[in-house]
Amino acid sequence: MRGFVGLTYVWFALWFLAPGAIMLLYAFGHTAAFNQQGLVNLNHLGLSNFFEALRYPSGPVLVASLENAVLATALCGVIAYPVAYFIARKLGPRVRTIVLLLVVLPFWTDYLLRMIGWRIFLSPLGLLYGAMHAVGWHVGYLTILDTRGAVMIGLVYNYIPLFILPLAVVLERIDPLLLQAADDLGAKPWTIFRTITFPISMAGVVAGTVLVFVPMLGDYVTPTLMGGARGLMIGSLVASEFTEGQNWSLGAAMAILLVVILVGIVVTIWLLATGVRYARAQQRKRTLAREWATR
Amino acid sequence: MSERVDETASAPATALADRAEVVSPQREFGDNAAAVELKNVAKSFRGPTGVKMVVHDLTLTIHAGEFFSLLGPSGCGKTTTLRMIAGLERVDSGRIFLGGKDATDLASHARNVNTVFQNYALFPHLSVFDNVAYGLHRQHVQRVELRRRVGEALALVHMEAFAMHRPQQLSGGQQQRIALARSIVTRPSVLLLDEPLAALDLKLRESMQEELKRLQRELRLTFVFVTHDQAEAFAMSDRVAVMEAGTMVQVGTPEELYLRPATRFVTTFVGRANFIPASLVLGATTSRPDDLASRQLSETADASAAVGAETSVFVRPERLILRVGPSSESVEGPRVRGTIVDKTFSGAMTMVRVRVRNDVELTVTCDSASSEARDALLGGDAVVTWLPSDATLLDR
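The present account deals with the structure reproduced in this document.

Basis of the calculations
- Residues numbered from 1 in each chain as written.
- Chains lettered and ligands numbered in written order.
- Predicted model: local features only at pLDDT ≥ 70, side-chain atom pairs only at ≥ 80, totals over all residues.
- Helix = DSSP H or I, 4+ residues; strand = E, 2+ residues; numbered from the N terminus.
- Rg over C-alpha atoms; globule rule 2.2 N^0.38 Å.
- Buried ≥ 20, exposed ≤ 12 C-beta atoms within 10 Å, placed from the backbone.
- Contact = placed C-beta atoms within 7 Å.
- Axes fitted to C-alpha atoms, helices over the stretch in contact; angles between N-to-C directions.
- Parallel < 35°, antiparallel > 145°, perpendicular 65-115°, else oblique.
- Left-handed = near helix turned anticlockwise from the far one by under 90°.
- Nonpolar A, V, L, I, M, F, W, Y, C, P; charged D, E, K, R; others polar.
- Pairing = 2+ DSSP bridges.
- Core = buried A, V, L, I, M, F, W, Y, C linked by C-beta atoms within 7 Å.
- Arc of directions from axis to C-beta.

**Describing the overall build of chain A**
Line of reasoning, step 1. When helices and strands are counted, chain A shows 12 helices and 2 strands.
Line of reasoning, step 2. At 25 Å, chain A has a C-alpha radius of gyration far larger than the 19 Å of a compact globule built from 295 residues.
Line of reasoning, step 3. For the C-alpha atoms alone, the extent of chain A along its principal axes is close to 80 × 65 × 45 Å.
Line of reasoning, step 4. By residue count, 28% of the 295 residues in chain A fall in the buried class.

Below, the structure written as structure tokens:
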């Protein structure tokens, strides 16, 4: 058993840490000349690739990608919360299992097939156009496809199950007795949600956010398929540097930069939240010590 | 709890009870007013095996300021009754009055009644302070006042030092105290306790029993306490209601329930019991195993019982008197003859089991130092006797 656990570390090191280390190394090198061996020249290591990655076009694309991912994650959260709440709280155990199954059902179909399905649905004279026409809403033709809006639809559609699932699990696990205790202590239904259900469900919201935001930021297939040229995200640029561009060191630098930004965002938020909580607790401790001592 | 701690604890308690705005049950409704009244309350649940009647036509009055217990085995409907008083469960029919006002249709958050839940139901994402402050926040108590009252409530249960802890960091007994503080801090007119001590070990349970009694006395609150533990109910309550299968069998003081149980269920649920099968003869009862054990039982017999009716004579083990050897020949009054089949020594008392008929065995407790305890030998003959006034006639 111990040997097996050890094996998983070897596996992890081989397929995650080692490639990561190679990427990191490549990011500091530069593209090899035609007459040199290999693709990356590691003779003169430097930060030039990172400066290059922050310049046009990858810099603005990186910012746009961050905007897209933040917006799409927020949309996922806003849509997923009521859905997860309904699944976890309003459905019986049997129906709940079936509905959760339906939530992940699209994953059983090929990804490209689903995306092409969306393209057909949203195409200028497609299914959605036909449906709108049928109910008397006349538009010349639909212009959703190949816009940022289409990218947003694609991202939310693809990633929302990853938000719903952890959130539904957390919401389902909240002991109904806690809600009864709050009710018993004089809290009205909305207050119970605001003070008990929502704060406890934050664990699920955080899990959902991380699960959705991280892969979304690196996604390059959905933006390309749904947004065309206007759907360019940083993932697409990284991929093209490795393929068409043949500039592995620049691609590696972009990828590393992405990871650094991600980790930076998460750590900053965590530090802020912990700091604020700690400061408040200390403040209260002092107040209580002062007030309770004089009684 | 040491004496010293108790003294320091009583100061905030008095402060809490004496303040003018305190809703003291006595002051609000007058002495002996009903804090809780149930009138013909019924409740059923739809389960996998069909509709199950959980509470049956229950009528009950709980006086202001009294420590009242609902006692019964699991599934007897006592917790459901408590939850209906709290407003966490709707009644199917009947009315519920709180402090004389009809509260049947009030939601739980609109009732001035708080509950201590069996597993405490502390909010895991809030500190001890915020848990206790929860009810005060709902009443929009202003900050300084809120901090003072939370402090008082925590002092009352000796948990001031833990204000900034999370519930998960506390032991079961400590969580219990926080749950208690959380529900008394808002000064409810009635405090409902759903087997609050069930999860604690014996020693902690005993000290919490004392603590609960002290709190109830000092705060002059009405406590409604649900338990399946007869000793616990007796140790703490002013009055106890025994419930069986959704109905109330008997209400009374612990002494009444123990000495004058109304039904066979009460006798078996409350302490140990002996039943001697008998039939009623001319207003007197003859116990079958020995026809001599007859006449003076008439004093305890229910006058309305029909002659010839099959009854049981019920006597507590410590009220039965064991006679062995020569002294057994000269016994006066009711008595039965039998064979000693078991003898168990348990410190101060010795339990002797006497078989008086093939299917009837009596348990007698006697002083371990007595000659009877010494002379009672397995397989030996014995006479069991009792004072007529210690016997009760019950339906078969």
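**Quick look at the interface of chain B and chain A**
Line of reasoning, step 1. Taken together, the contact between chain B and chain A spans 23 residues of the former and 23 residues of the latter.
Line of reasoning, step 2. Per-element tally for the side of chain B that touches chain A: the top contributor is helix α4 (residues 128-138) of chain B, with 4 residues.

**Some points on the packing of helix α3 (residues 58-90) of chain A against helix α7 (residues 148-173) of chain A**
Residue and element names in this part refer to chain A.
Line of reasoning, step 1. Where α3 contacts α7, the axes come no closer than 7 Å and their chain directions differ by 40°. Put simply, α3 runs oblique to α7. Crossing of α3 against α7: the hand is right-handed.
Line of reasoning, step 2. The class makeup of the residues in the contact of α3 with α7 is 23 nonpolar, 2 polar and 2 charged.

**Observations regarding the pairing of strand β3 (residues 67-71) of chain B**
Residues and elements named next belong to chain B.
Line of reasoning, step 1. Burial within β3 is extensive, with 5 of its 5 residues counted as buried.
Line of reasoning, step 2. On β3, burial covers both faces: F67, S69 and L71 on one face and F68 and L70 on the other are all buried.
Line of reasoning, step 3. Sheet analysis places β3 next to strand β8 (residues 222-227), joined by 5 bridges and oriented parallel. Following the sheet pairing, F68 is matched in β8 by V224.
Line of reasoning, step 4. Sheet analysis places β3 next to strand β9 (residues 239-244), joined by 4 bridges and oriented parallel. When the sheet's bridge partners are listed, S69 is paired in β9 with V240.

**Quick word on the sheet that holds strand β14 (residues 321-323) of chain B**
Residues and elements named next belong to chain B.
Line of reasoning, step 1. Here 5 strands make up an open sheet; going across it, the order is β14-β18-β15-β16-β17 and the pairing antiparallel. Here the strands that pair on one side only, and so sit at the sheet edges, are β14 and β17 (360-367). The mean inter-strand angle of the sheet, taken between neighbouring strand axes irrespective of direction, is 45°.
Line of reasoning, step 2. As paired elements, strand β15 (residues 335-346) and strand β18 (residues 381-385) share 5 bridges and run antiparallel to each other. Bridge pairing in β18 places R337 opposite V383.

**Describing the sheet that holds strand β5 (residues 101-102) of chain B**
Residues and elements named next belong to chain B.
Line of reasoning, step 1. Ordered by their spatial adjacency, 4 strands build an open sheet running β2-β1-β4-β5, and the pairing between neighbours is antiparallel. Taken across any chain shown, the strands that pair with only one partner, and hence form the sheet edges, are β2 (50-63) and β5.
Line of reasoning, step 2. Pairing between strand β1 (residues 34-47) and β2: 10 bridges, direction antiparallel. Within the sheet, the bridge partner assigned to V41 lies in β2 and is L58.

**Quick notes on the packing of helix α11 (residues 234-242) of chain A against helix α12 (residues 248-293) of chain A**
The geometry of a pair of packed helices is captured by two quantities: the angle between their axes and the separation between those axes.
Residues and elements named next belong to chain A.
Line of reasoning, step 1. One can describe the packing of α11 onto α12 by two numbers: an axis separation of 7 Å at closest approach and a directional angle of 155°. The angle between α11 and α12 falls in the class roughly antiparallel. Viewed along their axes, α11 and α12 form a crossing whose handedness is left-handed. Residues I234, L237, V238, E241 and F242 of α11 touch α12, and the partners they reach there are W248, L250, G251, M254, A255 and L258.

**Structural notes on helix α8 (residues 176-184) of chain A**
Line of reasoning, step 1. Residues of α8(A) that are buried include every one of A:Q180, A:A181, A:A182, A:D183 and A:D184, and no others.
Line of reasoning, step 2. A positive backbone phi angle near 105° is found at A:G186, which sits one or two residues after α8(A).

**What to know about the nonpolar core**
Line of reasoning, step 1. In terms of nonpolar packing, the biggest core is built from 83 residues, with B:I85, B:V132, B:L154, B:A181, B:L192, B:V224 and B:V242 touching the most fellow members.
Line of reasoning, step 2. By residue number, the principal contributor to this core is α4(B), which donates 6 residues.
Line of reasoning, step 3. B:L154 has contacts with B:V132, B:M159, B:E160, B:A163 and B:A181, leaving out every residue within four places of it along the chain.
Line of reasoning, step 4. If you look at the next biggest cluster of nonpolar residues, it comprises 49 residues, including A:A53, A:A168, A:V212 and A:L257.

**Details of α11(A)**
Residue and element names in this part refer to chain A.
Line of reasoning, step 1. Among all positions in α11, only I234, G235, L237, V238 and E241 are buried. Projected down its long axis, α11 shows its buried positions confined to an angular sector of 165°, all on one face.
Line of reasoning, step 2. Buried residues in α11 make contact with α3, α9 (189-218) and α12.

**Considerations on the pairing of β9(B)**
Residues and elements named next belong to chain B.
Line of reasoning, step 1. Here β9 runs beside strand β10 (residues 247-252); their pairing, made up of 5 bridges, is antiparallel. Bridging across to β10, A241 finds its partner in V251.
Line of reasoning, step 2. Where β9 folds back on β10, the antiparallel hairpin that results is connected by 2 residues, among which A245 adopts a positive phi of roughly 45°.

**A word on the environment of B:S69**
All names here are of chain B.
Line of reasoning, step 1. Secondary-structure assignment places S69 in strand β3.
Line of reasoning, step 2. Residue classification places S69 among the buried residues on the basis of 26 C-beta atoms within 10 Å.
Line of reasoning, step 3. It is 31 Å that separates the C-alpha atoms of S69 and C366, two residues lying 297 residues apart in sequence.
Line of reasoning, step 4. Ignoring sequence-local partners within four residues, the contact set of S69 consists of F225, T227, A233, M236, S237 and V240.

**Focus: the environment of A:G126**
Residues and elements named next belong to chain A.
Line of reasoning, step 1. Among the structural elements, G126 can be located in the loop between α5 (111-122) and α6 (127-134).
Line of reasoning, step 2. Here G126 falls in the partly exposed class, since 17 other C-beta atoms lie within 10 Å of it.
Line of reasoning, step 3. Taking the C-alpha atoms as reference points, G126 and P93, 33 residues apart in sequence, are found 39 Å from one another.
Line of reasoning, step 4. Beyond its immediate chain neighbours, meaning those up to four positions away, G126 contacts I120, F121 and L142.

**Comments concerning the environment of B:R95**
Residues and elements named next belong to chain B.
Line of reasoning, step 1. Residue position: R95 is located in strand β4 (residues 93-98).
Line of reasoning, step 2. Given 14 C-beta atoms within 10 Å, R95 falls into the partly exposed group.
Line of reasoning, step 3. Here the alpha-carbon distance between R95 and V324, two residues 229 residues apart in the chain, equals 58 Å.
Line of reasoning, step 4. Those residues in contact with R95 that lie beyond four places of it in its chain are K39, D102 and T104.

That's the geometry; what it means functionally is another story.
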